[in-house]
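Overview (structure and organization)
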There are 2 protein chains.
Amino acid sequence: MLFTKSIALYVTVFTSIVLLPMVLSEDGYDLWLRYRLMDTDSINRYSPYIRDIHISLSFTFVMRAAASELQRGLSGMMGSDIPQIQEPVSNGTIVIGTPTTSSVIRQLSLPLDSLGNEGYLIRQVSADDITFIVIAGNTEQGGLYGVFQFLKEVQMRKSLENVNISSTPKVKLRLLNHWDNLDGTVERGYAGNTLWDWWKLPDIVSPRYTDYSRAMASVGINGIVVNNVNAKPDILKAMWISKVAALSDVFRQYGIQTYLSVRFSTPYELKETKTADPLDSDVIAWWSAKVQKIYTTIPNFGGFLVKASSEGQPGPADYGRSHAEGANMLANAVRPYGGVVMWRAFVYSQDDPEDRAKQAYTEFKALDGQFAENVILQVKNGPIDFQPREPFHPLFGGMPNTPVSIEVQITKEYLGFATHLAYLGPMWEEVLTSDTFIKGSGSTVSRVIDGSLFQHSLTAIAGVSNVGNDRDWTGSHFNQANLYAYGRLAWDPYASSRSIAEDWLRLTFSTDTSFVSKAADIMMMSREAVANYMTPLGLHHLMATGHHYGPGPWVDNLSRPEWNPAYYHNADGNGIGFDRTQTGSNAISQYAPEVSAVFADVNVVDERYLLWFHHLSWDYTLKSGNSLWDSIVQAYDDGVASAKEMSDMWQTLLIYVDPERFQNVEADLRIQIREAKWWRDACIAYFQSVSNKPLPAGADPPEKTLAEYRAIQFIYAPGINTITIEVECVSSSVEMKPYVVLITLCLALNIIWRLK
Amino acid sequence: MLFTKSIALYVTVFTSIVLLPMVLSEDGYDLWLRYRLMDTDSINRYSPYIRDIHISLSFTFVMRAAASELQRGLSGMMGSDIPQIQEPVSNGTIVIGTPTTSSVIRQLSLPLDSLGNEGYLIRQVSADDITFIVIAGNTEQGGLYGVFQFLKEVQMRKSLENVNISSTPKVKLRLLNHWDNLDGTVERGYAGNTLWDWWKLPDIVSPRYTDYSRAMASVGINGIVVNNVNAKPDILKAMWISKVAALSDVFRQYGIQTYLSVRFSTPYELKETKTADPLDSDVIAWWSAKVQKIYTTIPNFGGFLVKASSEGQPGPADYGRSHAEGANMLANAVRPYGGVVMWRAFVYSQDDPEDRAKQAYTEFKALDGQFAENVILQVKNGPIDFQPREPFHPLFGGMPNTPVSIEVQITKEYLGFATHLAYLGPMWEEVLTSDTFIKGSGSTVSRVIDGSLFQHSLTAIAGVSNVGNDRDWTGSHFNQANLYAYGRLAWDPYASSRSIAEDWLRLTFSTDTSFVSKAADIMMMSREAVANYMTPLGLHHLMATGHHYGPGPWVDNLSRPEWNPAYYHNADGNGIGFDRTQTGSNAISQYAPEVSAVFADVNVVDERYLLWFHHLSWDYTLKSGNSLWDSIVQAYDDGVASAKEMSDMWQTLLIYVDPERFQNVEADLRIQIREAKWWRDACIAYFQSVSNKPLPAGADPPEKTLAEYRAIQFIYAPGINTITIEVECVSSSVEMKPYVVLITLCLALNIIWRLK
């Protein structure tokens, strides 16, 4: 329950609670849907607008869920039952619904046309001397979103006098990608195991699935991919589809479609076809029949997400077919039902000596225009892999004839897992507002994503979920902000990350203005702090191997060169950085000339991207007048100082936050300070061993030796699939994951060496 | 919080709640410590006895926790704050404490001598014209247990007039064994992952650890082994000890000692010694130093639990040393601090052709008298492995000169995992009341365990925990009963499982007498139902390989013979059963003559053990007059019928139970009926394929073919260390530290083969 247990869970129940004026502990389960009792002044202020809820018997499930949510939320905040009524409308009634289902709304002739399928209108109206608020959409889904927005207005204590709000999502498919495995683990998950209790599904349907759906719908999510992109064939077995169907029955109540990640070789691996060649007629028939079965049990099925011919996953390339041929075969299978295929562009080869940052563009650019109309290409925000800072991916703007969606990672694989406070809103805003210049100035990534730049109607945005079965859903209270901000940006990619942060703080902690202002300051500085203490000045992928927790800039011996941090920083006695200009990999050539020119010019490029594009001498002088070496040390020190500052700022917010959540955040920040220093010290110890430069005056030497930092190991770090270990034993040559390959290679080399 | 969030969590806060008369949904988090508001009549009835709580400033942490619990519980039930006071005592005051810390208790001269270290006294007393209740112990721990008992009395609506209750635990160490792995999984865990958030410890100390400690202390648990008996060397690294220390700081508040499972070869595997030989001086010194460090950070450390030279775990046998030599070395290390070593007797060899049921006795009997005084031998309840029914282990009574504890499995590895309703109280009662006849009639297992039979003062009982991070702790509501009953039986091994069930029902659901009576009927029939639909008439170990879920009587090809169900049932065209009489393995010779004679005589032995001890013709006639074959079919049918009956009975209890828990149990029972039938059908299909007998008249043929049952697979069943999956996939005979060795061998052989 998002609502505490002692408060009404069922429509007709209401419980009044008298609280002493003290902040009671919360465990975070309620997320931003807390609906706590307001103070008496606020109740009095709102009571003329909030008396009862006018519903219609012709509502179907989505609008019923909306009515129930509205009753629950308003009753909780007002401290008295706000009932659902059918007739009559009076002063203070809130009328909800659609023109089709609500006669009151039908008669009001509201300007709903521009709202589209999912937009809503919240407006105070007067008719027959009665003043009331109406929450309307063209569809029940629009009405549901309107209800959540209305609740948010009250939660944030906004005035309802003459309220007139309307909003329509700018992106059609707003998706969460769960990297949840069938064994219960979550790849890159730091908030416990999967939310889905696979073993007990479909019989046991946890109330938590409803609470999850409520929270996701409240920020406009309308699609959930329930399983990992590193998919198993089993997910398409009848037993597993029935489990997914039970989840989808819950999601559907909240206007959320269900999607599956599928393994390209599924029919072959299940031994039901002799190949997985996408042009083979048996394979085509198999997928068509499978899709038909899926839609029988999951009527609101949305389609497939596919990671193919990537990091060892099977794909069309295994049969000499292109990504387009592979994607289109699946797209044909789901087209009759309105389904889509989201085809991931996260592709790079272990054989290609080319700069990894260039490979996806090279591979897909040539296929532009060849994809079926219900295929969307899902592109990570940057050309490498979810680093604390990356320039935008050149495929944004690079595929004008193909719908392109953006994939961002809400879970913090490379930004400190659960405990580091890193608000990702500014990072996403940074990429969304980046100007590709593909059609001249103003060709922002947002305009690629929302379809307006190239007039695509199929638009999507995907976020890799940070949700698990931890009580607080996301592994820390501030990680909830990333989930919230993702939903808000998916609805409106042009929104400001600071204003989203402030809204989240009001809903989650307190509406007090000085609290909101100061806590938002912490959030807004947090990602820059992480970038500084991990990978300043355009450095990237310095993380330790496999789990990606903590520093590993010294790693240079992994079998695939592009898995080595050393591949990315290229540090030696002379300098550091990845030359991606014309003198180097020329990755900048994949961008529009205006962008390329900026990236190419070491004097013009934003120095936060400096070493992403340039290999420079340690003595190179930055705009500050300091040398590159001194600036790197300074940036690491800035990162550590920021972590300390965030902690100090949090301490001043004690009076606004309940003890349990306050202490939890406090402990997280303590970890962050310690680990920021660890990152700083380990990286400086390593880079100094390469640069042989003295530390700038005043900089502390690393606390330990480089050897000590190198010796730190986390055998049991979360987020790595334990299940993959077993693969190597069965070890088909097809199915490889990095770890498996690594372990296998490592053992193989060892044994070959011994045999010699 | 065991208490709902909206109710006071902090000492001085109280929240009054007005509820409509309806049963509100509960998620099970509160276990049996629900402290829900009583009806007005009850409040009025109790108010003369419950006004305030008299505490002392000299209380240390345990008694402070007790006072806080008492205030929380009574305030919740009474609907008004029951404050802690220091002076004065008046009518309705509840005085708590010990003679040392409470001057009131000191002056009362209560008969506390017989209570020992952990007992308590609850008594209404009158002094100076004031009548009040006193809850006292000789130690704070005793006081804490008294407080929980007092709360239970009120929760169960018992009269407090002239209350006079005292109790002392009959077993000294009452332990939960967590088979929790360092990677977060739980071996044989069916309630989610480990409760310990290892990654975030020691920085983040979840409030859930406190709630867990409260619940465990409330049933008298005073020791927790935090990690799996299949232990990793890492647990003894400083980083991990600091994590455990953070847990132990919480446990200590509730009088709970912390224990560790250790891997015998730890110093060698950590490369800190050259051997793990228990007689090697470096090894001895290493353990002494390690123990010293542990006690520095975990002052209430209890000692080690060791699985050695068993199922591939390293142990003294690797160095030609006996179990006693291995155990004594560790015992010497912990002795200076009062620590103990719990040495597991679950030992059987892959090379020994002897009946597995005999091996542990043979191995340990010879060592009786050789163990150090702070070693206790931990023996599973039966000679095989936690089956739905086993005769008692012959080591009970077989080791008169050695303290022997019993290990039972609270988690239902072989009894349907989380969802099957199987109340284990009667099973444990069955073994505890079994008469070993070692010192004549009345030499029950209980008297071995409580030390009275052989006058041992070191006594212990161990339960393999069924707790995980599922919201309801145990994976189902009725599994909570097993945790509760285990605690109660650990406190008093002579208690009645039915009366424990009734208490649990009153605390957990409702005090209504007809509810309690009917629900207890369900519980009391449940284990027999499971035994019937899985392994009737003394059959055992018919479960599928590895995960042990569902039927696998046909399995006969595993590398170790004693891992095959066929090893145990020995079914062929002539008959079925394991001959453990003199004509067979003669395992009965390990029991006292009186017992042996009963087991040996096919006409005398309880037929529920028939095929455990006897191999009989399919045509053998049972006491019922029916043939063995017909009786087996009948027993399976009885099991299925019982499952249905349990479900029907539960339906009649709708009005007593809140919707969320009612529906959850309902769904569990639906699963149980379906899977009881699956067990029945699959086993009958298989045994019929062997016996070639026609089904008795009226018996339904199995729904599917034997081949279909054999094809059922659960690749992602919970409770297997994901890592162990490979054991089967390679299933070599080595099975050692199992995984690594196997994987290595598998790969090595593969590569060597390729090189050829």
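The rules we used
- Residues numbered from 1 in each chain as written.
- Chains lettered and ligands numbered in written order.
- Predicted model: local features only at pLDDT ≥ 70, side-chain atom pairs only at ≥ 80, totals over all residues.
- Heavy atoms only, no water.
- Helix = DSSP H or I, 4+ residues; strand = E, 2+ residues; numbered from the N terminus.
- Rg over C-alpha atoms; globule rule 2.2 N^0.38 Å.
- Buried < 20%, exposed > 50% of the residue type's maximum accessible area, 1.4 Å probe, protein only.
- Contact = heavy atoms within 4.5 Å.
- Areas by Shrake-Rupley, 256 points an atom, 1.4 Å probe, with all protein chains shown as cover.
- Lys, Arg positive; Asp, Glu negative; His and termini not counted.
- Charge placed at Lys NZ, Arg CZ, Asp CG, Glu CD.
- UniProt positions renumbered as here; feature names shortened; annotations may be inferred.
- Expected span 1.5 Å × (residues − 1).
- Bend = angle between axes of the 7 residues up to and from the residue.
- Polar contact = N/O pair within 3.5 Å; in protein donor to acceptor, adjacent residues only side chain to side chain.
- Axes fitted to C-alpha atoms, helices over the stretch in contact; angles between N-to-C directions.
- Nonpolar A, V, L, I, M, F, W, Y, C, P; charged D, E, K, R; others polar.
- Arc of directions from axis to C-beta.
- Pairing = 2+ DSSP bridges.

Focus on the overall build of chain A
Broken down by element type, chain A carries 23 helices and 17 strands. Computed over its C-alpha atoms, the radius of gyration of chain A comes to 27 Å, within 12% of the 27 Å expected for a compact globule of 756 residues. Looking at chain A residue by residue over its 756 residues, the buried ones come to 67%. Partitioning the intrachain contacts of chain A with sequence separation of at least 6 by distance along the chain shows that 73% fall at a separation of at least 24. Counting every atom, chain A has about 25400 Å² of accessible surface; 51% of that belongs to carbon and sulfur. Of the side-chain charges in chain A, 62 are positive and 81 negative, and the distance between the mean point of each set is 3 Å.

Quick notes on the UniProt feature "domain: Glycosyl hydrolase family 67 catalytic" (unreviewed entry) in chain A
Cross-referencing UniProt, the feature "domain: Glycosyl hydrolase family 67 catalytic" (unreviewed entry) maps to residues 154–473 of chain A in the present numbering. Spanning residues 154–473 of chain A, this segment combines 27% helix with 14% strand, and its end C-alpha atoms are found 24 Å apart.

Examining helix H15 (residues 513–534) of chain B
In this model H15 of chain B runs 32 Å from its N-terminal to its C-terminal C-alpha over 22 residues, within 8% of the 32 Å that 1.5 Å per residue would give. At Ser 526 of chain B, H15 of chain B shows its maximal kink, close to 35°.

Description of the side chain of Asp 435 of chain A
Residues and elements named next belong to chain A. Of note, Asp 435 is situated in the loop between helix H11 (425–432) and helix H12 (445–449). Polar contacts involving the side chain of Asp 435 include one to the main-chain amide nitrogen of Ser 443, which spans 2.9 Å. Once residues lying within four places of it in the same chain are set aside, the contact partners of Asp 435 are Phe 392, Gly 440, Ser 441, Gly 442, Ser 443, Thr 444 and Val 595.

So, the packing of helix H15 (residues 513–534) of chain A against helix H20 (residues 659–691) of chain A
Residues and elements named next belong to chain A. Orientation of H15 relative to H20, taken along the N-to-C sense of each, is 35°, at an axis distance of 8 Å. Counting all contacts with H15, which are made through Val 530, Tyr 533 and Met 534, the residues of H20 involved are Gln 672, Ala 676, Trp 679, Arg 680 and Cys 683. The residue makeup of the contact of H15 with H20, split by class, is six nonpolar, one polar and one charged.

Notes on the UniProt feature "active site" (unreviewed entry) in chain A
Residue and element names in this part refer to chain A. In the numbering used here, UniProt assigns the feature "active site" (unreviewed entry) to Glu 311, Asp 385 and Glu 413. Along the chain, Glu 311 turns up in the loop between strand E11 (301–306) and helix H9 (323–334). For Glu 311, a relative accessible area of 16% puts it in the buried group. Structurally, Asp 385 can be placed in the loop between strand E13 (375–380) and strand E14 (404–409).

Re helix H8 (residues 281–297) of chain B
Residue and element names in this part refer to chain B. Spanning 17 residues, H8 covers 25 Å between terminal C-alpha atoms, matching the ideal 24 Å at 1.5 Å per step. Listed as buried for H8 are Val 283, Trp 286, Trp 287, Lys 290, Val 291, Ile 294 and Tyr 295. In a view along the axis of H8, the buried residues occupy a sector of 165°, so they form one face of it. Facing away from the buried surface of H8 by more than 90 degrees, the exposed residues are Ser 281, Lys 293 and Thr 296. Between the side-chain oxygen at the start of H8 and the backbone nitrogen of Asp 282 there is a gap of 2.9 Å, and the oxygen is on Asp 280.

Some remarks on the sheet that holds strand E14 (residues 404–409) of chain B
All names here are of chain B. Here we have eight strands rolled up into a closed barrel, ordered E8-E9-E10-E11-E12-E13-E14-E15, and parallel in their pairing. The mean inter-strand angle of the sheet, taken between neighbouring strand axes irrespective of direction, is 25°. As paired strands, strand E8 (residues 173–177) and strand E9 (residues 223–225) are joined by three bridges and run parallel to one another. Bridging from a neighbouring strand, Leu 175 pairs with Gly 223 of E9. Contacts between helix H13 (residues 479–491) and the sheet are confined to E8, E14 and strand E15 (460–464), with E8 contributing the most and set at about 155° to the helix.

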